[in-house]
Amino acid sequence: MAAEPTVYEVFRREKPGAPMTHAGSVGAPSPDLALIYAREIFGRRGESDALWIAPRSAFQLLDDQDILRPVLDRSHRTVEGYRMRDKREQLLSQLETKR
Amino acid sequence: MTTGHANDTARAEAFKQHIAAGGKVEASDWMPGEYRHALIRFIEMHANSELMGVLPEREWIMRAPTLRRKLALTAKVQDEVGHAQLLYRLAEDLGKPRAQMMDDLLAGRTKFHNVFHYPTQSWADVGVIAWLVDAAAILSQKALLGTSYAPYARTMQRICWEESFHIKHGYDIVVTLAGGTAAQRALLQDALNRWWGPLMQMHGPPTPPEHDRDLTLWRIKTRGNEDLRRDFIATYVPRVWELGLALPDPALRRADNGSWEYSPPDWAELRTVVGNHGPRSAERLAFRRLNYEQGAWVRETMAGEQARTQTCGI
């Protein structure tokens, strides 16, 4: 019985300068063949500027939401955490009154 | 881009045409040595500035007036160090080892931005830095989104996204002080008086385009120094003035045609300061050196871990 093919994750760049994004995966008995499969599946219409592949086993994964999205308030790190419109207008009218 | 058997001159010429046509370059693409060196020099200075830029603000984490301000300032410092990490990675990929970059920075062979050579004397300085220094910096950084070096452009997307919170947070500090007591307003005015000169110097002297190869030949940056400074003045001077604050330049005014007039920045001061002869240059480099030496055991431990896992084939 033939060995199970190795799974390769495929990444593609849509146009020059664009980031690599995950496209999908292929199963192949060798890296050379995996690249050929990837080319045929994700690049045959000229839709990709570049393709990268890597064996799935090479990836270290993290999706623990307690780590990535802790329940602690993080608003001090975001633009939305600072509502300035009212605060600015209040100051301007305060300055106006003083004049 | 070009065929393998073309000679280097022809290849370099084709590369220049590619750049001139708005082409992008990836880390794995062939590039002329001159372009590579220009990129390393530019990105390394940027990385150094992020790394050294946290030191003036770091001094105020323990003295922040409220818990929320402390959290925000800590988050900003963490962001800036993160930017240094992203940028040093780019320079490493271009061929300059991290240890070499640290050695050059600590020995004064490479530079960092003028504004990080000055003391932070009060909490108002923290507001002025986060609002105006970051606003001036983000203008240069937004101009880098169009850089010819694609990995730099993608890194700048992330950096600009994070900088927008820094500016808002700085503006909040400034507006809070401006609406506070007479003493708080005086503190803020004093900070502005001290920071305005360095802010006007920050984008560098006006350079004729033919001498600015990073701009015209390699398209590492997409806007000239004077252009960025004028943009900064036009956007931020009215915002400072509307808060009832003054700026220490008697010549500063909007002309009838809408353009801004201002006194020439002190270029001699800029040269002295970035040559590591600013008021806090030696102190900040000494502090960075001390930290680098104290962190040596961590780097050595990590290197040992890498050797161990490679030997085990994990």
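Read on for an overview of the structure. (Residues numbered from 1 in each chain as written. Chains lettered and ligands numbered in written order. Predicted model: local features only at pLDDT ≥ 70, side-chain atom pairs only at ≥ 80, totals over all residues. Heavy atoms only, no water.)

Our focus in this paragraph is the pattern of salt bridges. Residues and elements named next belong to chain B. Counted by the stated rule, this structure contains 31 salt bridges over all chains. Here R98 ties to E92 by a salt bridge, and the two come within 3.1 Å at their closest N and O atoms. On the basis of relative accessibility, which here comes to 23%, the residue E92 falls in the partly exposed class. Linked by salt bridges that have partners in common, E44, K96, D104 and R109 make up one network. (Salt bridge = Lys/Arg side-chain N within 4 Å of Asp/Glu carboxyl O. Buried < 20%, exposed > 50% of the residue type's maximum accessible area, 1.4 Å probe, protein only.)

It is worth spelling out the packing of aromatic side chains at this point. Residue and element names in this part refer to chain B. Under the criterion given, the structure shown has 13 aromatic pairs over all chains. With 5.7 Å between their ring centres and 50° between their planes, W241 and W260 make a pair best called tilted. Of this pair, W241 sits in helix α9 (residues 225-241) while W260 sits in strand β2 (residues 260-261), placing them 19 residues apart in sequence. Judged by relative accessible area, which is 7%, W260 ranks as buried. Feature note: the residues W131, Y171, W196, F232 and Y236 constitute an aromatic cluster, connected by ring pairs. When the ring centre of W60 is taken as origin, the NZ or CZ atom of R63, which lies over that ring, is 3.9 Å away. Over the ring of Y292 we find R299; its NZ or CZ atom is 3.6 Å from the centre of that ring. (Phe/Tyr/Trp six-rings, centres within 6.5 Å; stacked < 30°, edge-to-face > 60°. Helix = DSSP H or I, 4+ residues; strand = E, 2+ residues; numbered from the N terminus. Lys NZ or Arg CZ within 6 Å of the ring centre and 35° of its normal.)

All names here are of chain A. With respect to topology, 3 strands assemble into an open sheet ordered β2-β1-β3, the strand pairing being antiparallel. Either end of the sheet is taken by a strand with one partner, and the two such strands are β2 (21-28) and β3 (50-55). Looking at each pair of strands side by side, their axes are set apart by 30° on average, direction ignored. Of the pairings in the sheet, the one linking strand β1 (residues 6-13) to β2 comprises 7 bridges and is antiparallel in character. What sits directly across from F11, in β2, is H22. Along the sheet face, helix α1 (residues 31-42) touches β1, β2 and β3 and points at about 130° away from the line of β2. (Pairing = 2+ DSSP bridges. Axes fitted to C-alpha atoms, helices over the stretch in contact; angles between N-to-C directions. Contact = heavy atoms within 4.5 Å.)

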